[in-house]
Amino acid sequence: MSEHLLSVKDLHTSFTTDNGEVRAVNGVSFNLDAGKVLGIVGESGSGKSVTAYSIMQILAENGRITGGSVEYKGEDITKWNKKQMAAFRGKCCSIIFQDPMTSLNPVFSIGNQLEEAIRMHTDKNHKQARERAVELLTLVGVNEPTKRIKQYPFELSGGMRQRVMIAMALACEPDILIADEPTTALDVTIQAQILELMQDLQKKLGMAIIMVTHDLGVIATMCDEIIVMYGGRVCERGTADAIFYEPAHEYTKGLLRSIPNINNSKERLVPIAGNPINLLNMPSGCAFCARCDKAMKVCLDSIPEERWVGKDHLASCWLNDLALKEKAEKMLSAGAPKEEVQRETGWTKDAGGEWVYTCGTAQE
C-alpha cells in the first residue's frame, strides 16, 4: 500500500481547441498525506484549478489527461471507469467550488440538494438524509438549520451559501477535500470566517485538504506545504516559512512583492510585468522567462529541473543552479571534502572536472 494518501506523478492535462492544443498542466507532481493541508497557489491560468479537476476527473468535454498518474491509496485512478470514479467523488474526495451561487441549483431548496448528495453516496432513506443534512448545517455553523434547509440559495448570503457548499462536500466524510478558491467571491470578514471554519473542520475530522488559491495570504497560516505554479508547472514548493521568508524562484518573489504588508504600506506595490503565458505556445525553456528581470540565455532554451535549495524546499530556477555551484566552488577551494560539498549543495565535480548534481542527504 502507498505511504501517501494521494500521489500525483508527472500529470499532464490538455484541452483541444479550434486554435490548437492548450497544455494546461505540464508535469505536475506532489504527494498528500492524511490529515495534511496542501496549498496550490498561482495567478489565473497557472493550471492550479485544472490540476484539481484532473484529480476529480471533472474536466470539460474537450479536456483530457494525456500523461502521468493520480494514485489514491496506491491505485491509479486515471485508469478507473466511470462507475469507480462516481464512487470516488464525494465518498473519497470532494470539492468546494469558488462561486456557491453558480454551484447551487437555484430551483431546488438547500435541503433537497444536501439530501441528494447524501442519498447518492450512502444507503440512508429520506428521513435519515434530512437529519444528516441538518447535522451538517449545524457542523458548519449555519444558524437555524431546520429553517435554512427549506430555503433556496438566493435567500442566503454569500457566506451562508459557501457554508452550505462545505456541508455538501463533507456529506460523506471524504478523505480529501479540494477547496478551489473558496473565498474568492466573499468579502474579507467572511473570508476569515470560512478559513477558520475549514481549519476547525480539518482538525475535527482529520481529513486532508488541497487549498487552491491565487492569494498567498489565504494559505499562509493553514498549509503544511505550499506549491507555487506557473504555466502549468510547479516552479517552487516548500513549507510556508520557506516560501514566505526564503523564496527561491523569481515568480514567487514577484507574487510576494505584489502583496501589501506593514513594511511596504507607504511604498507603491510592484506588479509582475508582462502578461500570463500563452499555453497554446509554450516556450522550450522556463515558462516565466519572458517576464523575468533576471532571465539568462539558458532560460530561453532549457527547462530548469527542481533543486533542493533548503530543507523541505525545492525550486526550478537556473539562478539557483548558479548560486549552488558558486557555493560548492568556494567550499572546494577552501579544501572541504567532496562529500560535505555534495551534502550541502547537491553539486560536486567528477574526475573530469565537470559539475554533477546529486540530491544532498541533508536535504532529502
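As the structure is a prediction and not an experimental result, all values here were calculated from the model. (Residues numbered from 1 in each chain as written. Predicted model: local features only at pLDDT ≥ 70, side-chain atom pairs only at ≥ 80, totals over all residues. Heavy atoms only, no water.)

J.: Which parts of the structure should I look at to understand the overall build of the protein chain?
T.: Across its full length, the protein chain carries 14 helices and 14 strands. A separation threshold of at least 6 residues defines the contact pool for the protein chain, and within that pool the share at least 24 residues apart is 60%. In the protein chain, the 40 positive side-chain charges and the 47 negative ones have mean positions that sit 3 Å from each other. (Helix = DSSP H or I, 4+ residues; strand = E, 2+ residues; numbered from the N terminus. Contact = heavy atoms within 4.5 Å. Lys, Arg positive; Asp, Glu negative; His and termini not counted. Charge placed at Lys NZ, Arg CZ, Asp CG, Glu CD.)

J.: What is the right way to read the nonpolar core from this model?
T.: Nonpolar side chains in soluble globular proteins tend to end up buried together. In terms of nonpolar packing, the biggest core is built from 95 residues, with Leu6, Phe30, Met198 and Ile210 touching the most fellow members. In contact with Phe30, not counting residues within four places along its chain, are Leu6, Ser7, Val8, Leu38, Ile40, Thr51, Ile55, Ile210, Ile227 and Arg237. (Core = buried A, V, L, I, M, F, W, Y, C linked by side-chain atoms within 4.5 Å. Buried < 20%, exposed > 50% of the residue type's maximum accessible area, 1.4 Å probe, protein only.)

J.: Honestly, the sheet that holds strand β4 (residues 63-72) in this entry has me stumped. Any pointers?
T.: Strand pairing within a sheet occurs via backbone hydrogen bonds; the two strands may be parallel or antiparallel. The sheet built from four strands is open, its strands ordered β2-β1-β4-β5 with antiparallel pairing. The sheet is open, and its two borders are formed by β2 (20-32) and β5 (75-76), each paired with just one other strand. Alignment of strand β1 (residues 6-17) against β2, held across 10 bridges, turns out to be antiparallel. Paired with Phe15 across the strands is Val22, a residue of β2. The strands that helix α1 (residues 48-56) touches are β1, β2 and β4; relative to β1, the one it contacts most, it runs at about 105 degrees. (Pairing = 2+ DSSP bridges. Axes fitted to C-alpha atoms, helices over the stretch in contact; angles between N-to-C directions.)

J.: Help me understand the packing of helix α13 (residues 318-333) against helix α14 (residues 338-345) in this model?
T.: Any two packed helices are characterised by the angle at which their axes cross and by the distance between the axes. With their axes 10 Å apart at the nearest point, α13 and α14 run at an angle of 160 degrees to one another. Taken as axis vectors, α13 and α14 run roughly antiparallel relative to one another. Viewed along their axes, α13 and α14 form a crossing whose handedness is right-handed. Here Leu324, Lys327, Ala328, Met331 and Leu332 of α13 come into contact with α14, specifically with Lys338, Glu340, Val341, Glu344 and Thr345. The residue makeup of the contact of α13 with α14, split by class, is five nonpolar, one polar and four charged. (Parallel < 35°, antiparallel > 145°, perpendicular 65-115°, else oblique. Left-handed = near helix turned anticlockwise from the far one by under 90°. Nonpolar A, V, L, I, M, F, W, Y, C, P; charged D, E, K, R; others polar.)

J.: Could you clarify how one ought to interpret a nonpolar patch on the surface in this entry?
T.: A cluster of nonpolar side chains, contributed by Met101, Tyr152 and Phe154, occupies part of the molecular surface with about 300 Å² of accessible area. As for its placement among the helices and strands, Met101 is situated in helix α3 (residues 100-103). Residue class for Met101 comes out partly exposed when judged on its relative accessible area of 35%. (Patch = residues over 30% accessible without salt bridge, like charges linked within 9 Å, V, L, I, M, F, W, Y side chains within 5 Å. Areas by Shrake-Rupley, 256 points an atom, 1.4 Å probe, with all protein chains shown as cover. Salt bridge = Lys/Arg side-chain N within 4 Å of Asp/Glu carboxyl O.)

J.: In this structure, what is going on with the pairing of β1? I would like to understand it.
T.: Regular strands have side chains that alternate between both faces of the sheet. Bridging between β1 and β4 involves eight bridges; their strand directions are antiparallel. For Val8, the partnering residue across the bridge sits in β4 and is Val70. Turn length for the β1-β2 hairpin, with the two strands adjacent in sequence and antiparallel, is two residues.

J.: Looking at this model, I keep getting lost on the packing of helix α4 (residues 110-121) against helix α7 (residues 158-169). Mind explaining?
T.: Here α4 crosses α7 at 20 degrees, and the two axes come no closer than 9 Å. If you check the angle between α4 and α7, you find them roughly parallel. Crossing angle aside, the handedness with which α4 passes α7 is right-handed. Contacts from Ile110, Gln113, Leu114 and Ala117 in α4 reach Val164, Ala167 and Met168 in α7. Tallied by class, the residues present in the contact of α4 with α7 amount to six nonpolar, one polar and no charged.

J.: Help me understand helix α5 (residues 126-139), please; the structure alone is not making it clear to me.
T.: Given a rise of 1.5 Å per residue, 14 residues ought to cover 20 Å, and the 20 Å separating the end C-alpha atoms of α5 matches this to within 8%. Buried within α5 are the following residues: Ala129, Arg132, Ala133, Val134, Leu136 and Leu137. Packed against the buried residues of α5 are α4, α6 (145-148) and α7. N-cap assignment for α5: the residue whose side-chain oxygen lies 3.2 Å from the backbone N of Lys127 is Asn125. Within two residues after α5, Gly141 carries a phi angle of roughly 85 degrees, on the positive side. (Expected span 1.5 Å × (residues − 1). Polar contact = N/O pair within 3.5 Å; in protein donor to acceptor, adjacent residues only side chain to side chain.)

J.: I'm lost on the side chain of Arg161 in this one. Help?
T.: With respect to the helices and strands, the residue Arg161 is situated in helix α7. The charged side chain of Arg161 is buried without a salt bridge, its nearest counter-charge being Asp99 at 6.1 Å.

J.: When you look at the pattern of salt bridges in this model, what are you seeing that I'm missing?
T.: One pass over the structure, following the stated rule, counts 16 salt bridges. Of the charged contacts, one joins Lys9 and Glu71 as a salt bridge, the two residues approaching to 3.5 Å between their closest N and O atoms. With Lys9 in strand β1 and Glu71 in strand β4, the pair connects residues that are 62 residues apart, well separated along the chain. Relative accessible area serves as the criterion here: at 41%, Lys9 is assigned to the partly exposed category. Residue Glu250 is joined to Lys253 by a salt bridge in which the shortest nitrogen-to-oxygen separation is 3.1 Å. Of this pair, Glu250 and Lys253 are both found in helix α11 (residues 250-257), three residues apart, which corresponds to roughly one turn of the helix. Look at Lys253 and you get partly exposed, because its relative accessible area is 26%. One salt-bridge network, held together by shared partners, links Arg132, Glu135 and Glu173.

J.: How should I be thinking about unusual backbone geometry in this particular structure?
T.: Residues apart from glycine generally show negative phi values, whereas peptide bonds are mostly found in trans. With a phi angle near 55 degrees, Gln57 is a residue other than glycine that sits in the positive phi range. Counting through the fold element by element, Gln57 comes out in the loop between α1 and β4. If you check the backbone angles, Asp312 has positive phi at about 55 degrees while not being a glycine. Under the relative-accessibility criterion, Asp312 is labelled partly exposed at 41%.

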